[in-house]
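Structural overview
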Amino acid sequence: MARTEVVAMILAGGQGSRLGVLTKTVAKPAVPFGSRYRIIDFPLSNCVNSGIEIVGVLTQYQPLALNTYVGNGHPWDLDRNNAGAYILPPYQSNAGSDWYKGTANAIYQNMSFIDDNDPEYVVILSGDHIYKMDYAAMLKSHIEKGADATIAVYEVPWEEAPRFGILNTKEDDVIEEFEEKPAKPKSNLASMGVYIFTWSVLRQALIEDEANPDSNNDFGKNIVPNLLAQGKKLCAYRFSGYWKDVGTISSLWETNMDILDKPEEINLVDRSWKIFSRNPVKPSHFIGSGAKVKNSALTDGCRIFGDVEHSVLSESVIVEKGAIVKDCVLMPGVVVKEGAHIERCLIDVGTIIGKDVKAGNFVEGEGPYTNHKICSEGICVFERGLKIKDGAVIPANSMVDSDLEVPDDQNIIESTFRT
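All of these numbers come straight from a predicted model, not from anything done at the bench.

**A short note on the overall build of the protein**
- Across its full length, the protein holds eight helices and 32 strands.
- The C-alpha radius of gyration of the protein comes to 22 Å, within 12% of the 22 Å expected for a compact globule of 419 residues.
- For the protein, the spread of C-alpha atoms along the three principal axes comes to 65 × 45 × 45 Å.
- Long-range contacts, defined as pairs at least 24 residues apart, comprise 61% of the intrachain contacts of the protein with a sequence gap of at least 6.
- Total accessible area on the protein is roughly 18,300 Å²; 46% of this is exposed by carbon and sulfur atoms.

In structure tokens:
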């Protein structure tokens, strides 16, 4: 790809409310993932590996952590002259200021950034999916078919199709209809939220969409159906690799577990398609003489003295002697004190699990932190920066949130602190 041929825009401003306390203070793309990554590492790395050198990252909700993490783009080799990663928050202009009202409006508000780079094509990406994809191959298909827009699609099980935006196609994968979460889907080709547009076509579509007061300013709900109605040529691009939307607690936990269970599908040590990240400099991990570590992923700075099985541990995690950690995702700086037993837990940055705590899917009953709306499959979630009281018992499907008002005799949070 030539430098001026294509610009990528990553939509990274979503709140991610379905992740509960994990996105209380950070945007979803900044949530830690897979021992040494953040979610946004995947689209950024895909851009670099695909030869895209100009990447706009559109932020909005809780942008500080994400802005700091992306920085000047150096870890992804995106800090070059006349190229690089650019943070694009909502801003005030002569016409006034406004939060991004939808995915299409977010791109509309940054048309000047795209125009300044004068690309022929624009790639629109979500900042919250885990996958490895060659956008150059998708662009080649877009050009060869003479498409106005190309949408990446993934074949999902038919029983899951009603949960997705579904694209119905005719010959040569030309799209003839888009259905948003259809009750009776006609196909199982789900939109991945990965688009390539010829910029002149998208630019006009964005202007028309913004002028419509009844629009949701959304790509799936408005831009794509409008282009189809205008007779534009939209094509599907079939993707068959690993792809997961980690927008829920269960999908985030499951995708972390896939690193351990499906290494051939989600290969994070593939040197031909490296996933880059901004990692702190830490000492090597250490496993004590009495520790047991089985089928787990851990990274720099971890210190393990207890038992860890089928778990994903980020940097600087400490598991003390006598502690049991199973089927868990522990984010940077988490400490599990001696005697604690945790299973199927997602624990955010810096939280300390006290001595002899019992938490997870093996703990029956319900408690004040039970949250069936967000937590399922026995998974427990802990907010960042908590100190959990020694001996606390936390049942399955709990979300430990410091803002939740609970009776004093049922409060398991000893203290909170910033991380």
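**A word on empty space enclosed by the protein**
- All told, the structure shown has one cavity of 30 Å³ or more when counted by the stated rule.
- Reported here for the largest cavity is a volume of approximately 40 Å³.
- As for the largest cavity, its lining consists of S35, R36, N279, P280, T299, D300 and E315.
- In terms of residue class, the lining of the largest cavity is built from one nonpolar, three polar and three charged.

**Quick word on the layout of surface pockets**
- Within this model, the largest pocket holds a volume of roughly 1,700 Å³.
- In this structure, the largest pocket is lined by 50 residues; those nearest its centre are R18, S126, D128, H129 and D245.
- Ranked by the residues each element gives to the lining of the largest pocket, the list is headed by strand β11 (residues 189-198), at four residues.
- Looking at the lining of the largest pocket, its residues break down into 16 nonpolar, 19 polar and 15 charged.

**Focus: helix α6 (residues 199-211)**
- Here α6 contains 13 residues, and its C-alpha end-to-end distance of 18 Å stays within 8% of the 18 Å for a straight helix at 1.5 Å per residue.
- Every buried residue of α6 is listed here: W199, V201, L202, A205, L206 and D209. Buried positions in α6, seen along its axis, are confined to an arc of 150° and lie on one side of it. Structural note: α6 exposes S200 and A211 on the side pointing more than 90 degrees away from its buried face.
- Structurally, α6 contributes buried residues whose contacts are with α3 (103-108), α4 (111-117), β6 (121-126), β11 and α7 (219-229).

**Description of the pattern of salt bridges**
- Counted according to the given criterion, the structure contains 19 salt bridges.
- For the salt bridge of K24 with D401, the shortest nitrogen-to-oxygen distance reads 2.5 Å. Taken together, the positions of K24 in the loop between β1 (6-11) and β2 (32-33) and D401 in the loop between β31 (399-400) and β32 (413-416) put the pair 377 residues apart, joining distant regions of the chain.
- Of the charged contacts in the structure, one is a salt bridge between D403 and K24, with a shortest N-O distance of 3.0 Å.

Definitions and cut-offs
- Residues numbered from 1 in each chain as written.
- Predicted model: local features only at pLDDT ≥ 70, side-chain atom pairs only at ≥ 80, totals over all residues.
- Heavy atoms only, no water.
- Helix = DSSP H or I, 4+ residues; strand = E, 2+ residues; numbered from the N terminus.
- Rg over C-alpha atoms; globule rule 2.2 N^0.38 Å.
- Contact = heavy atoms within 4.5 Å.
- Areas by Shrake-Rupley, 256 points an atom, 1.4 Å probe, with all protein chains shown as cover.
- 1 Å grid on protein atoms, 1.4 Å probe; cavity = no way out; pocket = protein on both sides within 12 Å on 5 of 7 lines; lining within 4 Å.
- Points joined across faces, edges and corners; volume = space filled by probe spheres on them.
- Nonpolar A, V, L, I, M, F, W, Y, C, P; charged D, E, K, R; others polar.
- Expected span 1.5 Å × (residues − 1).
- Buried < 20%, exposed > 50% of the residue type's maximum accessible area, 1.4 Å probe, protein only.
- Arc of directions from axis to C-beta.
- Salt bridge = Lys/Arg side-chain N within 4 Å of Asp/Glu carboxyl O.

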